[in-house]
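This is what each chain is made of:
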Amino acid sequence: MSKEDKFVDFDKDTKLETKEKFKKPSLYKVLLLNDDYTPMEFVVFLLQKLFHKNNDEATKIMLHVHQNGVGVCGVFPYEIAETKVIQVLETAKKNDHPLQCTMEKA
């Protein structure tokens, strides 16, 4: 942006400086919920494929979900978090697993 673009010309003698303000997007946690039916291996698979976790990270998150009932898969802007939740739910449903996933503001 050039210096001249920062000013609005109301007339030849009056200029007002404008400032661009950008707000960072709100972040949301994607949460997996534990159940008694979804295999641990499937949860690890989802974490690796949809959240790009390596095997150790995926296993650690899966065990946390198993032991505590809920666990964070990642933190994303709203639209990405929403997409991740939908991907988890659709993948689980296609594989006949009742795995639940949700999101909340970080």
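One structure accompanies this document, and this report is about it. (Residues numbered from 1 in each chain as written. Predicted model: local features only at pLDDT ≥ 70, side-chain atom pairs only at ≥ 80, totals over all residues. Heavy atoms only, no water.)

## Some remarks on the pairing of strand β3 (residues 27-33)
Here's step 1: Of the pairings in the sheet, the one linking β3 to strand β4 (residues 70-77) comprises seven bridges and is antiparallel in character. Directly across from Leu27, in β4, lies its bridge partner Pro77.
Here's step 2: Two strands pair when backbone bridges link them, and β3 and strand β5 (residues 100-105) are joined in this way by six bridges, in the antiparallel orientation. Across the sheet, Leu32 pairs through a bridge with Cys101, a residue of β5. (Pairing = 2+ DSSP bridges. Helix = DSSP H or I, 4+ residues; strand = E, 2+ residues; numbered from the N terminus.)

## Some details on the side chain of Thr38
Here's step 1: Tracing the chain through its elements places Thr38 in the loop between β3 and α1 (40-51).
Here's step 2: Looking at Thr38, its side chain comes within polar contact range of the main-chain nitrogen of Leu99, at 3.3 Å.
Here's step 3: When residues no more than four places from it in sequence are discounted, the contact partners of Thr38 are Val43, His97, Pro98 and Leu99. (Polar contact = N/O pair within 3.5 Å; in protein donor to acceptor, adjacent residues only side chain to side chain. Contact = heavy atoms within 4.5 Å.)

## Considerations on unusual backbone geometry
Here's step 1: At His52, a residue that is not glycine, the phi angle is positive and equals roughly 55 degrees.
Here's step 2: Locating His52 in the fold gives a position in the loop between α1 and α2 (55-68).
Here's step 3: On the basis of relative accessibility, which here comes to 63%, the residue His52 falls in the exposed class.
Here's step 4: At Asp96, a residue that is not glycine, the phi angle is positive and equals roughly 60 degrees.
Here's step 5: Mapped onto the secondary structure, Asp96 falls in the loop between α3 (78-94) and β5.
Here's step 6: Given a relative accessible area of 69%, Asp96 falls into the exposed group. (Buried < 20%, exposed > 50% of the residue type's maximum accessible area, 1.4 Å probe, protein only.)

## Re the nonpolar core
Here's step 1: Ranked by internal contacts, the top residues of the largest apolar core, which has 22 residues, are Val30, Leu32, Leu47, Phe51, Val88 and Leu99.
Here's step 2: The element contributing the most residues to this core is α1, with seven residues.
Here's step 3: If near-sequence neighbours (up to four positions away) are discounted, Leu32 is found in contact with Val43, Leu47, Val65, Gly69, Val70, Gly71, Cys73, Val88, Leu99, Gln100 and Cys101. (Core = buried A, V, L, I, M, F, W, Y, C linked by side-chain atoms within 4.5 Å.)

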